[in-house]
Amino acid sequence: MTTADVVAVLLALSLPWSTSAVGILGAVFFVVMLPTLDTRDFLRSLKRPISALPIALFLLALVGTLWSDAPWSARSYALSPAVKLLVLPFLFYHFEHSTRGMWVFVTFLVSCTLLMAVSWVILFYPEWSLRKVDPEPGIFVKNYINQSQEFALCAVALAYPIVKLLRAGRIALALLLIAVAVAFFTNMAFVVVSRTALVTIPMMFAVFALLHLRWRSIVLILAACAVLGVAAWYASPQLRRTAETFSRDYKLYKERNEPTSIGLRLEFWRKSLNFIAEAPMIGHGTGATRGLFERAAAPPGSLASSEVIGNPHNQTLNVAVQWGFVGFAVLYAMWIRHLLLFRGDGLVNWIGLLVVVQNIFTSLFNSHIFDFHEGWMYVLGVGVAGGMTLNAAAAGVEPAAPREP
């Protein structure tokens, strides 16, 4: 049990920094926890919808290879992102019995905080970045989308313990967490931030405000956020450039058919809806998406209309194109069951709920269940928090928060 806990902690530690380490540690976690399984109890746990639905989505992707007309290499490539969903039932089961789940979340926060500090260094010394191909300002590893997802999740997740600590009069620790949260937001404002994060952060805060704040507090916080937002807007050229690309990209796409980020998404979504209409019930099969876009592509000189992609940059469309209404139903049933799992109070329920909410909102613009980094954020966050919530429910208590150092 302790070894499996340590592996989960190491997985959380490595997630902001590495992809290969996460894949290796995910396999190691599966191996080291096998001796701790009570087979009969584990099989019973698989019948719970929170575990059965991720398995069902993977099985649908597996069976979907049978009616796809894509090459088998494309089918297996499209199947591989769904494999990580099979880790969820094991995380639920393990952290339903472990008492060290909070170690995982604290480690992830510390790891992201370290990455944020390194990001500032790389902003001034870009030659130190490990990204030698297509370097980005302030990005030490991976890319600005992954980094923004991590920083946004950590910054908003800290809102709950900050409010609880302030209400309890524990000002020193609350100020420390406020400083960390502000540091994350400052990095996103002045170094680099993804447009997806810009859109989803207000939605995540809205969920927190509706669940945990009184109306007077909501009004005061909205006023403070408006003031800080205006100040950040005028102080940060990077933030203004990122926000202004929304209208610029849309205009270039509509007027010139240029393959801008927003324009390509609109093009992908329009074509995906046509593909879904052709096979609405069970879709075109696993891995068929790229072939469909190839057949629907305009001549090469048509810019955005000629782009070919294997991922329409929307989780719902990605699933529905391949597996139709059946896939759509399984995906949303999984999201809903995971949301309902965290409907209680407490820090652990807040973390789990926030992970699901962030994934749902960001999946409007990406396929974040199937993307490696964001998919593992979902699996690890929901799996650990879900196991802790099940443990607390069985004991009839609220999931334990970490003690003050």
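Refer to the preceding data block for the structure.
Quick caveat, the model's predicted, so the values are computed rather than measured.

1. Considering empty space enclosed by the protein
This model, assessed by the stated rule, comprises one cavity of 30 Å³ or more. Computed from the structure, the largest cavity encloses a volume of approximately 50 Å³. Along the walls of the largest cavity sit Gln149, Val355, Gln358, Asn359, Thr362, Glu374, Met377 and Tyr378, which together make up its complete lining. No other element matches helix H17 (residues 347–362), which puts four residues into the lining of the largest cavity.

2. Examining the packing of aromatic side chains
Centre distance and the angle of the planes are the two values used to describe a pair of aromatic rings. Per the stated rule, a full pass over the model turns up 12 aromatic pairs. The interplanar angle of 85° and the centroid separation of 4.9 Å between the aromatic rings of phenylalanine 30 and phenylalanine 90 together place this pair among those described as edge-to-face. Linking phenylalanine 30 in helix H2 (residues 20–33) with phenylalanine 90 in helix H6 (residues 87–97), this pair joins segments that are 60 residues apart in sequence. A relative accessible area of 13% places phenylalanine 90 in the buried class. On the numbers, 5.1 Å between centres and 90° between planes, the contact of phenylalanine 275 with phenylalanine 293 is edge-to-face. Placement of the pair is phenylalanine 275 in helix H14 (residues 261–278) and phenylalanine 293 in helix H15 (residues 289–296), with a sequence separation of 18 residues.

3. With respect to a nonpolar patch on the surface
The grouping of Leu59, Leu62, Val63, Leu66 and Trp72 at the surface amounts to a nonpolar patch, some 520 Å² of accessible area in total. Counting residues per element, the nonpolar patch draws most heavily on helix H4 (residues 49–63), which supplies three residues. In this structure, valine 63 sits in helix H4.

About the cut-offs
Residues numbered from 1 in each chain as written. Predicted model: local features only at pLDDT ≥ 70, side-chain atom pairs only at ≥ 80, totals over all residues. Heavy atoms only, no water. 1 Å grid on protein atoms, 1.4 Å probe; cavity = no way out; pocket = protein on both sides within 12 Å on 5 of 7 lines; lining within 4 Å. Points joined across faces, edges and corners; volume = space filled by probe spheres on them. Helix = DSSP H or I, 4+ residues; strand = E, 2+ residues; numbered from the N terminus. Phe/Tyr/Trp six-rings, centres within 6.5 Å; stacked < 30°, edge-to-face > 60°. Buried < 20%, exposed > 50% of the residue type's maximum accessible area, 1.4 Å probe, protein only. Patch = residues over 30% accessible without salt bridge, like charges linked within 9 Å, V, L, I, M, F, W, Y side chains within 5 Å. Areas by Shrake-Rupley, 256 points an atom, 1.4 Å probe, with all protein chains shown as cover. Salt bridge = Lys/Arg side-chain N within 4 Å of Asp/Glu carboxyl O.

In short, shape yes, function no, at least from these values alone.
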